[in-house]
Amino acid sequence: MKSILPAGELNQFFINPESMVDADVDFTGTIYKIKNLGQFSFVHLSTLAGIFQSVITGECSLKEGSSIHVWGKVVTAKLKDKVLASKTIEIQISKWKTLSTHYESSPFDLTKPELNIHNDVLFDQRMISLRHPREKAIFKIQEALGEGFRRALRKRGCTELRTPKIVKEGAEGGANIFELNYFGQPAYLTQSPQFYKEFGVGIFERVFEIAPVFRAEKHNTSRHLNEYISVDAEIGNISSFEEVMAFETGVLKEVFEFLKLECSFELELLGISLKEFESIPSLTFKEVKVIVSREFGIHEENEPDLSPQEELKISEWALSQWGSDFLFVTHYPSEKRPFYAMDSEVNPEESLSFDLLYRGVEITTGGQRIHEYEAIVNKLKRRGMNPEHFEFFIKAHRYGLPPHGGFGLGLERLTQKIIGLESVKRCSLFPRDISRLSP
Ligand code: AMO
């Protein structure tokens, strides 16, 4: 079949449909919805630039789900349907050609404003359910977030890396690592690009990566995926971990601005409003424990980490105190942080690290790393780990690494919290959890 769109070019209609009033246009789309009114039919066409209303005179025999090439005239209109990309134009179709037919009706009504189906059905039928405008909007927002990070990080001098996902050693410790047989020798799916981004600091000084990472989470929760997209940044020649926090704050501010510009349609469709922010408040881990115990009666003072409930409550508290959706929590106990984290000289029980909470959930871990060779070898030994197993990593330290730090952010968690969805799985295109490997 002859290509409708010349390679590399977009039909002018897709570039600026509203500037095309009175013009004769032709373009391709998929029929999202048909309303037959006897003398004429409304056909909602899903196109590269969103869904447009078109009008065909007389009853039409077209079917929802088919792709068509249409010829017609753009006219002004006053439309209300929220899913329409333009509320001020429609297309009067004079001619069409069917390009593909659909053979089976969708298992659920894709034309309803809300799908309202169980997550199991939503994920089992993902190749279809993602066609719903609200599901699509989630991933347009996620795409804009990824692009926003890329722009903000490159602007700050970070070089983009693409690091291996099959690795010999896990970086984050813990049991949540997938093992695989690599031509007879054990290997793992990467938990994070941590080692590689630290190598990157020795090469480019500032680096980032936006890529999948894998965690063998054995529990089915609303905040865990077994494969997620990690936004990782690492910057060299820092003088404190607070510099990394300031760096992330600046990046996030720009990411939110970019999202607002890029996704005004999707944000409105999903009814999302985003707060402006200049800075992000911060509390130490110990302060958080005191506040959640005093204000909410949660007595988990002796736990070396924050529970999901503590994260939720301290976020509520920060919102009421400072009006902030974000909160940095600093100085996590060293025992809960991986071996590469730098500990405080004043109090070695505390790490020079932080988490960033957003609307009640941890979205980021970050901090300063150990950059001196002897210090990293000693830390490995203190933890009963064999430095020889990490020879490839600490080699970078031996040849000299600048003082450095960085952060890792879960893209699906950020998307989930921006949109206000009940589960992080809704923000993974094809989620992987303990019982889901397909589609
Ligand atoms: P951490 O293991 O805390 O830190 O992960 C960083 C961020 O990744 C997200 N995240 C997850 N998202 C979905 N499903 C999961 N199972 C999951 N696990 C983690 C969270 C979390 O804050 N190397 C460090 C980062 C660094 O210090 O630079 C790391 O990976 O949003």
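Residues numbered from 1 in each chain as written. Predicted model: local features only at pLDDT ≥ 70, side-chain atom pairs only at ≥ 80, totals over all residues. Heavy atoms only, no water.

Description of the sheet that holds strand 4 (residues 67–76)
In step 1: With mixed pairing, the 5 strands of this closed barrel are ordered in space as 1-2-3-5-4. The mean inter-strand angle of the sheet, taken between neighbouring strand axes irrespective of direction, is 55°.
In step 2: The sheet contact formed by strand 4 and strand 5 (residues 89–100) spans 10 bridges and is antiparallel. Bridge assignment links Thr76 to a residue of strand 5, and that residue is Ile89. (Pairing = 2+ DSSP bridges. Helix = DSSP H or I, 4+ residues; strand = E, 2+ residues; numbered from the N terminus. Axes fitted to C-alpha atoms, helices over the stretch in contact; angles between N-to-C directions.)

Topic: the packing of aromatic side chains
In step 1: Considering all chains together, one arrives at 24 aromatic pairs under this definition.
In step 2: For the pair Phe195 and Phe393, a centre-to-centre distance of 4.3 Å together with 35° between the ring planes defines the contact as tilted. Of this pair, Phe195 sits in helix 5 (residues 194–204) while Phe393 sits in helix 11 (residues 391–398), placing them 198 residues apart in sequence.
In step 3: On the basis of relative accessible area, Phe393 is assigned to the buried category, the value being 0%.
In step 4: Relative to Phe393, the ring of Phe199 lies with its centre 6.1 Å away and its plane at 45°, an arrangement referred to as tilted. Here Phe199, found in helix 5, pairs with Phe393, found in helix 11; they are 194 residues apart in sequence, far enough to count as distant. (Phe/Tyr/Trp six-rings, centres within 6.5 Å; stacked < 30°, edge-to-face > 60°. Buried < 20%, exposed > 50% of the residue type's maximum accessible area, 1.4 Å probe, protein only.)

Some words on the domain arrangement of the chain
Frequently, the measure chosen for interface size is the accessible area that the parts lose on association.
In step 1: Per the domain assignment, the segments making up the chain are domain 1 (12–100) and domain 2 (133–427).
In step 2: For domain 1 versus domain 2, the separation of C-alpha centres amounts to 44 Å.
In step 3: Facing 8 residues of domain 1, the contacting portion of domain 2 comprises 5 residues.
In step 4: For the pair domain 1 and domain 2, the two sides together bury roughly 460 Å², of which 64% comes from carbon and sulfur.
In step 5: By the criterion of area lost to domain 2, the three top residues of domain 1 are Tyr32, Lys82 and Val83, representing 68% of everything that side buries.
In step 6: Inspection of the region where domain 1 meets domain 2 yields 0 salt bridges.
In step 7: There are 0 residue pairs in polar contact (both at pLDDT 80 or more) connecting domain 1 and domain 2.
In step 8: Across the side of domain 1 that touches domain 2, the residue classes break down as 5 nonpolar, 1 polar and 2 charged. (Domains from an automatic or database assignment. Contact = heavy atoms within 4.5 Å. Buried area = accessible area lost by both parts, 1.4 Å probe. Salt bridge = Lys/Arg side-chain N within 4 Å of Asp/Glu carboxyl O. Polar contact = N/O pair within 3.5 Å; in protein donor to acceptor, adjacent residues only side chain to side chain. Nonpolar A, V, L, I, M, F, W, Y, C, P; charged D, E, K, R; others polar.)

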